[in-house]
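Listed below, chain by chain, are the residues.
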Amino acid sequence: MSALLLLFVCLVLGALVARFARPPAGTVAGLNWWVLNIALPALVLAMIPRVHFDRHLWFPVATMWVTFFGAWLLFAVLGRLFGWSRSRVGALTLVCGLGNTSFMGYPMVQAMHGQPGLALAVVSDQLGCFPLLAAGGIVVASLYSGRQPSVALVVRRIATFPAFIALLVGIVAGIAGGWPDALDHLFLQLGQTLTPLALFSVGLQFKLHLHRDQLGALSSGLAWKLALAPLVGWGLGMLAGVTGLTLVVGVLQAAMAPMISAAILADQYQLEPRLANTVLGAGIVLSLATVPLANLLMGG
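Rules used in this analysis
- Residues numbered from 1 in each chain as written.
- Predicted model: local features only at pLDDT ≥ 70, side-chain atom pairs only at ≥ 80, totals over all residues.
- Heavy atoms only, no water.
- UniProt positions renumbered as here; feature names shortened; annotations may be inferred.
- Helix = DSSP H or I, 4+ residues; strand = E, 2+ residues; numbered from the N terminus.
- Expected span 1.5 Å × (residues − 1).
- Buried < 20%, exposed > 50% of the residue type's maximum accessible area, 1.4 Å probe, protein only.
- Contact = heavy atoms within 4.5 Å.
- Core = buried A, V, L, I, M, F, W, Y, C linked by side-chain atoms within 4.5 Å.
- Axes fitted to C-alpha atoms, helices over the stretch in contact; angles between N-to-C directions.
- Parallel < 35°, antiparallel > 145°, perpendicular 65-115°, else oblique.
- Left-handed = near helix turned anticlockwise from the far one by under 90°.
- Nonpolar A, V, L, I, M, F, W, Y, C, P; charged D, E, K, R; others polar.

As named in an unreviewed UniProt entry, the protein chain is AEC family transporter, taken from Dyella lutea. The protein chain has a UniProt comment under Sequence similarities (unreviewed entry) that states "Belongs to the auxin efflux carrier (TC 2.A.69) family." UniProt annotates the protein chain under Subcellular location (unreviewed entry) with the comment "Cell membrane".

Encoded structure:
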């Protein structure tokens, strides 16, 4: 409960500071730079050598792919049924197909399942959600905005992302027997800055603008991201015989709130930015209740 309270407090503090304190311009960019380039790679370096590779480790990765492509299929069908614009279908596919599996996923999973759960969350994020953002996200954003996807851009984004490089280095370190104690402690200490800074940054960016013509799309998007996607993931895991912490973490990562970077991508490609930010804000708030509830229902 204390760990979950930390998440809530950091999120609320960020929202209050943004509303009343008028932080300096560039605060969000500076925080996000540290989180993405220092804290996240350090946490990956600390966690990946601890992962116990077993035959079910594919599952936390697969749930990310099911969430993304399931969203794409669902919203393409709903778009035809309800006459939604291509911009709306693209926006919903991005923000409801990609989850906040690092900024919120890491601290929430760690709060509920400790370091073993966090290690699995890192695998889910780095091998599942991040490649989908870098590749699938760019493809969807380009297609629904009328642009041509760039293969070179996708490859460059993946190859130069610090946490992905850290993932490769961490795998090698794990094979070699892990880090020396001093380095391991250093990576953990740096990685622990991710939770308060990431959630504070989320709070600073929090927006919630409800409009009547968006309610149907908003409800459909949140229903998929917070309820149906994890339910489909759970069904897949049960059918495949996945059990224990691997099953729980895979489902929880599928249940995370929409990804902030996906909303930014929707904004950059002019895919109904107001709807994307509304889904993002509402999803963050609701996920603070729905994710722990999903964990409780699975016996976590």
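Trainee: Looking at this structure, I do not really get helix α7 (residues 162–175). What am I missing?
Mentor: Residues lying three or four places apart along an α-helix face the same way, a consequence of the helix completing one turn every 3.6 residues. Here α7 spans 20 Å end to end across 14 residues, near enough to the 20 Å set by a 1.5 Å rise per residue. All of the buried residues along α7 are Ala-163, Phe-164, Ala-166, Leu-167, Gly-170 and Ala-173. Along its buried surface, α7 packs onto α2 (27–47), α5 (105–145) and α6 (151–160).

Trainee: In this structure, what is going on with the nonpolar core? I would like to understand it.
Mentor: Note that soluble globular proteins tend to have their nonpolar side chains buried in a common cluster. With 90 residues, the main nonpolar core has Val-44, Phe-75, Leu-94, Leu-98 and Tyr-106 as its most contacted residues. For this core, the element with the highest residue contribution is α5, accounting for 19 residues. When neighbours within four sequence positions are excluded, Leu-98 is seen to be in contact with Phe-68, Thr-93, Cys-129, Leu-132, Leu-133, Lys-225, Ala-257, Pro-258, Met-259 and Ala-262.

Trainee: Would you mind going over the packing of α5 against α6 with me for this structure?
Mentor: A pair of packed helices is captured by two measures, namely the crossing angle of their axes and the spacing between those axes. Following both chains from N to C, one finds α5 and α6 inclined at 165°, their axes separated by 9 Å at the closest point. With respect to their mutual orientation, α5 and α6 come out roughly antiparallel. Of the two possible hands of crossing, α5 and α6 adopt the one that is right-handed. Together, Phe-130, Leu-133, Ala-134, Ala-135 and Ile-138 of α5 and Leu-153, Val-154, Arg-157 and Ile-158 of α6 make up the contact between the two elements. Looking at side-chain class alone, the contact of α5 with α6 contains eight nonpolar, no polar and one charged residues.

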